[in-house]
Amino acid sequence: MAKKQKYYVVWRGKEPGIYEDWRKCEKQIKGVAGAQYKSYETRQEAENAYKNGYTPTIGTGHPKKERVGVLEVGEDGVVRLKPGTIDGPELNSLAVDAACSGNPGVMEYQGVYVASHTQVFHYKSPLGTNNIGEFLGIVHGLAYLKKHNLNLIMYSDSVNAINWVRQKVCKSKLPLNTKTQELWDYVHRAEQWLQSNTYTTEIRKWDTDRWGEIPADFGRK
């Protein structure tokens, strides 16, 4: 049976337009942060969508997928999307990321709603490490989603932080002293939250190679 023709609309990418081949479409969006694209069954649907502009899937439920995503667990215990099984990340999701000016140095993290790139929360510490920020960002996200009863997937681009959260402990080697006392108190509260709470949020590794920088990235590379 011949493969059914699909039409791919790119609103935000290297060269916006309508493409009849997925590989050509992929070249336009690969490495583009916040790329906007969808697939359609007919040329007319694609042309109408391109003319009307991009409309992300929003809400607290599971968004419609253009292709079915298949999850797999790697040897490091991290859940990832199996390559080639989905066009892109879930838009109805929360992304977290951290940045650090020096290591250690001024550290901050934020949570961003992927569909709209809207900042949901932000925290800054005068001294910390990137790994600590990634860890705290995930825990903050878990607590936020649970508090507001939101059924969203959460993305992080840090394998270390994802594993620390699964183990319910921050394994940073940052020394505890008068300068880091406040941050470590915050870390210990995060660990206590993990130990005393359950959650249903699915934490996935952001695929930077295929999707570009995570939407919560601070853009300091």
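Look above for the structure.
Treat the numbers as computed from the prediction; the structure is a model and nothing was measured.

Analysis parameters
Residues numbered from 1 in each chain as written. Predicted model: local features only at pLDDT ≥ 70, side-chain atom pairs only at ≥ 80, totals over all residues. Heavy atoms only, no water. Helix = DSSP H or I, 4+ residues; strand = E, 2+ residues; numbered from the N terminus. Buried < 20%, exposed > 50% of the residue type's maximum accessible area, 1.4 Å probe, protein only. Contact = heavy atoms within 4.5 Å. Areas by Shrake-Rupley, 256 points an atom, 1.4 Å probe, with all protein chains shown as cover. Core = buried A, V, L, I, M, F, W, Y, C linked by side-chain atoms within 4.5 Å. Pairing = 2+ DSSP bridges. Axes fitted to C-alpha atoms, helices over the stretch in contact; angles between N-to-C directions. Salt bridge = Lys/Arg side-chain N within 4 Å of Asp/Glu carboxyl O. Arc of directions from axis to C-beta. Polar contact = N/O pair within 3.5 Å; in protein donor to acceptor, adjacent residues only side chain to side chain.

Colleague: Help me out: how do you make sense of the overall build of the chain in this one?
Modeller: A count of helical and extended segments in the chain gives 6 helices and 10 strands. The proportion of buried residues among the 221 residues of the chain is 46%. Considering only residue pairs separated by 6 or more positions, the chain has 61% of its internal contacts joining residues 24 or more positions apart. For the chain, the computed accessible surface area is about 12,000 Å², with 49% contributed by carbon and sulfur atoms.

Colleague: I'm lost on the nonpolar core in this one. Help?
Modeller: Proteins that are soluble and globular tend to have nonpolar side chains buried together. Ranked by size, the top nonpolar core spans 31 residues in total, and within it I132, F135, L136, I138, L142, V165 and V187 carry the most contacts. Those residues in contact with F135, other than ones at most four positions away along the chain, are A161, W164, V165, V169, C170, V187, A190, E191 and L194. Counting residues in each nonpolar core, the second largest holds 9 residues, with V114, W206, W211 and A216 among its members.

Colleague: How do you make sense of the pairing of strand β9 (residues 153–156) when you look at a structure like this?
Modeller: Along any regular strand the residues' side chains alternate between the sheet's two faces. What you see with β9 is no split at all: I153 and Y155 on one side and M154 and S156 on the other are buried throughout. Pairing of strand β6 (residues 93–102) with β9, which is carried by 4 bridges, proceeds in the parallel orientation. Within β9, the position partnered with L94 by the bridge is M154. Direction of pairing for β9 relative to strand β10 (residues 203–205): parallel, over a ladder of 3 bridges. Bridged to M154 within β10 is I203.

Colleague: Explanation requested: the sheet that holds β9 in the structure shown.
Modeller: One key point about sheets: their strands pair by backbone hydrogen bonds, in either a parallel or an antiparallel sense. Judged by pairing direction, the sheet is mixed, and its 5 strands sit side by side in the order β8-β7-β6-β9-β10 without closing on themselves. Each edge of the open sheet is held by one strand with a lone partner, namely β8 (118–128) and β10. Strand-to-strand twist of the sheet, defined as the mean angle between neighbouring strand axes without regard to direction, takes the value 20°. Pairing of strand β7 (residues 105–113) with β8, which is carried by 8 bridges, proceeds in the antiparallel orientation. Each bridged residue has a counterpart across the sheet, and for E108 the counterpart in β8 is K124. Those strands touched by helix α4 (residues 159–167) are β9 and β10, and its axis lies near 155° from that of β10. Sheet contacts for helix α5 (residues 181–196): β7 and β8; angle to β8, the most-contacted strand, approximately 135°.

Colleague: I would appreciate a short explanation of the pattern of salt bridges in the present structure.
Modeller: Oppositely charged side chains can form a pair if their charged atoms are brought close together. Summed over all chains, the structure comprises 4 salt bridges. Here E47 makes a salt bridge to R43, at a shortest N to O gap of 3.2 Å. Of the two residues, E47 and R43 are both situated in helix α2 (residues 43–52); the distance of 4 residues between them amounts to about one turn of the helix. You can call R43 partly exposed: its relative accessible area is 34%. The salt bridge involving R204 is made with E202; its shortest N-O contact spans 2.5 Å. The class of R204 is buried, set by a relative accessible area of 5%. Take E202: its relative accessible area is 27%, and that puts it in the partly exposed class.

Colleague: It is not clear to me how helix α1 (residues 22–29) should be interpreted in this structure. Could you clarify?
Modeller: Owing to its 3.6 residues per turn, the α-helix brings residues three or four apart onto one side. Within the span of α1, buried status applies to W22, C25, Q28 and I29. Down the axis of α1, the smallest arc covering the buried residues is 115°, so these residues share one side. Of the exposed residues in α1, those oriented more than 90 degrees away from the buried face are R23, K24 and K27. Contact partners of the buried residues in α1: β1 (7–12), β2 (17–19) and β3 (36–40). Of the residues flanking the start of α1, the one acting as N-cap is D21, its side-chain oxygen 2.9 Å from the backbone nitrogen of R23.

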